[in-house]
Amino acid sequence: MKKATKKDKILITIAVIGIMVTMTLCLFHIKPDWKYMLSSIVTASFHSSDVSLSDTDELQTMSYKILAEKDIENISEDQSLMLVNKNNTIPANFTADLTDYNEDGLKMNSCMTKAFKSLSDDVFNKFGENLYIMSGYRTAEEQLELYNNQGGSTAEIPGASEHQTGLALDVYVNNYAGYGFLKSETGQYVNSECWKYGFIIRYPMLKSDITGIDFEPWHIRYVGIPHAEIIYKKGITLEEYAVYA
Ligand SMILES: [Zn+2]
């Protein structure tokens with residue numbers, strides 16, 4: 001092999017510095033809460049990232065065990081477990097089961113109104129903050145408009161967005177939205193405790209190879225109990241869980 005020349009070494013050094021600067025800029029752009037991010041990464045690395053077929057029994061046993069403990073009724077009679085992504089688009093004959101959430105015209109899926117109220121009440125009691133909704137239910141027309149305005153990198157094509165089912169909400173608190181949401185106590189609480197209310201962080205950190213979407217700490221998705229608990233504790237995504245549910 002040819003020995004690295006001085007010029008090669010300089011080029012390599014420049015490349016390494018370039019990569020480090022880019023990574024630092026990316027992190028500053030995301031503006032994470034360092035302690036929270038670190039603990040999430042450690043937790044995620046202890047969870048299994050790949051669920052193999054041999055896990056089916058374990059998942060089912062866990063699901064039944066939690067079901068038995070919590071005595072949940074009518075678990076699959078609503079739309080809560082619907083998988084929506086680029087490969088599983090919303091059927092043309094689908095109608096979202098909607099409830100008006102507030103006077104501003106915000107709608108969400110009827111199966112989750114109680115759960116969201118409970119989450120936002122707890123947030124208010126614990127932190128004195130209102131948990132606001134940036135985006136709830138969207139019609140196909142609204143999704144198309146968003147897609148046309150923002151493009152495919154930040155908005156899904158109509159039919160591939162969970163917002164059209166009314167099961168997803170983009171949430172924030174005063175002064176803390178987007179990635180900054182994680183800098184607030186509320187954002188950290190929502191990210192680590194929302195499973196107790198039946199919600200999951202639908203696009204978790206380090207899972208974009210499975211979900212196709214980068215980490216979105218503000219996008220919560222209702223799947224119901226015990227599913228949210230299993231998904232959270234197994235450290236898996238809805239894509240992986242839906243195969244067994
Ligand atoms: Zn969203």
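It should be noted that the structure appears before, not after, this text.
Reading the values: rules and limits
Residues numbered from 1 in each chain as written. Predicted model: local features only at pLDDT ≥ 70, side-chain atom pairs only at ≥ 80, totals over all residues. Heavy atoms only, no water. Donors = N, O, S within 2.8 Å, 3.2 Å for Na, K, Ca; no water. Buried < 20%, exposed > 50% of the residue type's maximum accessible area, 1.4 Å probe, protein only. Salt bridge = Lys/Arg side-chain N within 4 Å of Asp/Glu carboxyl O. Helix = DSSP H or I, 4+ residues; strand = E, 2+ residues; numbered from the N terminus. Contact = heavy atoms within 4.5 Å.

A.B. asks: So what exactly am I meant to see when it comes to the coordination of the zinc ion here?
C.D. replies: Six octahedral donors around a metal ideally make angles of 90 or 180 degrees; four tetrahedral donors ideally make 109.5 degrees. The coordination sphere of the zinc ion contains the protein donors His163 (NE2), Asp170 (OD), Asp170 (OD) and His219 (ND1), at a distance range of 2.1 to 2.8 Å. Of note, the zinc ion draws all its donor residues from one chain, in the sequence arrangement H-x6-D-x48-H. You'll find histidine 163 and aspartate 170 in the same group, each marked buried.

A.B. asks: Any chance you could explain the pattern of salt bridges here in plain terms?
C.D. replies: Close approach of charged atoms lets side chains of opposite charge pair. Counted according to the given criterion, the structure contains nine salt bridges. Lysine 117 is paired through a salt bridge with aspartate 121; the nearest N and O atoms lie 2.9 Å apart. Within this pair, lysine 117 and its partner aspartate 121 are both found in helix H4 (residues 113-127), separated by four residues, close to a single helical turn. Of the residues examined, lysine 117 reaches a relative accessible area of 44% and is grouped as partly exposed. Among the charged side chains, a network of salt bridges with common partners joins Glu162, Arg202, Arg221 and Glu239.

A.B. asks: I tried to follow the environment of isoleucine 157 on my own but got confused; where do I start?
C.D. replies: Note on placement: isoleucine 157 falls in the loop between helix H5 (140-150) and strand E4 (168-172). As for isoleucine 157 and glutamine 143, which are separated by 14 residues in sequence, their C-alpha atoms are 7.1 Å apart. Beyond its immediate sequence surroundings of up to four residues, isoleucine 157 is in contact with Gln143, Tyr147 and Gln164.

These figures capture arrangement, not role.
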